[in-house]
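Survey of secondary and tertiary structure
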Amino acid sequence: MRIGELAARTGVGERSLRYYEEQGLLAADRTPGGHRDYPEGAVDRVIRIQELYAAGLHSSKIARILPCMRDEDGGPSRRATPALVDELTTERNRIDRMIDDLRRSREVLDDVIDTAAGGVPAEPDKKRYEHEGVPPCL
């Protein structure tokens with residue numbers, strides 16, 4: 001399939017697909033006219049690349065991991081090694097820490113929202129705030 005069809009089927013821009021190819025993440029044959037010709041499996045490959053980017057991995061790490069994964073289901077291939085498991089576990093732990101940080105941030109925002117919703121008059125007294133030297137919150 002041509003690059004435009006792959007882009008349409010995956011929702012990934014042609015520029016990104018070319019970048020994936022430059023980084024060794026995606027391969028295409030060339031037609032006699034020099035156009036890229038992707039195999040059907042490229043759809044699964046691009047989806048897998050997007051998932052790994054969304055997990056916060058950078059292209060060099062993705063390039064090391066992809067050969068050890070099956071595109072169809074993301075499971076390990078026969079080439080997967082204990083080192084891959086260690087590397088992926090490290091990445092999962094990093095993501096878990098990020099999730100914990102985001103949960104704490106959400107809890108703080110929930111507290112602020114609850115406090116603001118329950119104790120702020122509809123129209124703040126701007127003169128009072130100006131007198132006290134404290135700007136009103138929005």
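Below you will find a few notes about this structure. For clarity, every value in this text was computed on a predicted model and none was experimentally measured.

Calculation rules
Residues numbered from 1 in each chain as written. Predicted model: local features only at pLDDT ≥ 70, side-chain atom pairs only at ≥ 80, totals over all residues. Heavy atoms only, no water. Helix = DSSP H or I, 4+ residues; strand = E, 2+ residues; numbered from the N terminus. Contact = heavy atoms within 4.5 Å. Areas by Shrake-Rupley, 256 points an atom, 1.4 Å probe, with all protein chains shown as cover. Core = buried A, V, L, I, M, F, W, Y, C linked by side-chain atoms within 4.5 Å. Buried < 20%, exposed > 50% of the residue type's maximum accessible area, 1.4 Å probe, protein only. Axes fitted to C-alpha atoms, helices over the stretch in contact; angles between N-to-C directions. Parallel < 35°, antiparallel > 145°, perpendicular 65-115°, else oblique. Left-handed = near helix turned anticlockwise from the far one by under 90°. Nonpolar A, V, L, I, M, F, W, Y, C, P; charged D, E, K, R; others polar. Salt bridge = Lys/Arg side-chain N within 4 Å of Asp/Glu carboxyl O.

A word on the overall build of the protein chain. Each helix and strand in the protein chain was counted, giving six helices and two strands. For the protein chain, the succession of helices and strands along the chain, N to C, is α-α-β-β-α-α-α-α. Contacts in the protein chain between residues at least 24 apart in sequence constitute 44% of all its contacts with a sequence separation of at least 6. In the structure as shown, the protein chain presents an accessible area of about 9,900 Å², 53% of it carried by carbon and sulfur atoms.

L6, L17, Y20, L26, Y38 and V46 are the most contacted members of the largest nonpolar core, which has 23 residues in total. Of all elements in the fold, only α1 (3-10), α2 (14-22), α3 (42-54) and α4 (59-65) reach the threshold of two or more residues within this core. Ranked by the residues each element gives to this core, the list is headed by α3, at five residues. When residues no more than four places from it in sequence are discounted, the contact partners of V46 are L6, T10, V12, L17, Y20 and L26.

Here we take up the packing of α1 against α3. For the pair α1 and α3, interaxial distance at closest approach is 10 Å and the crossing angle is 55 degrees. Here α3 runs oblique to α1, going by the angle between their axes. For the pair α1 and α3, the crossing hand works out as right-handed. Listed contacts from α3 to L6, R9 and T10 of α1 are A42, V43 and V46. By residue class, the composition of the contact of α1 with α3 is four nonpolar, one polar and one charged.

In the structure shown here, the tally under the stated rule is twelve salt bridges. A salt bridge links R9 to E5; the shortest N-O distance between them is 3.5 Å. Of this pair, R9 and E5 both sit in helix α1, four residues apart, roughly one helical turn. On the basis of relative accessible area, R9 is assigned to the partly exposed category, the value being 39%. The partner of R9 in a salt bridge is E40, and the shortest N-O contact between them spans 2.4 Å. With R9 in helix α1 and E40 in the loop between β2 (36-37) and α3, this residue pair connects regions lying 31 residues apart in the sequence.

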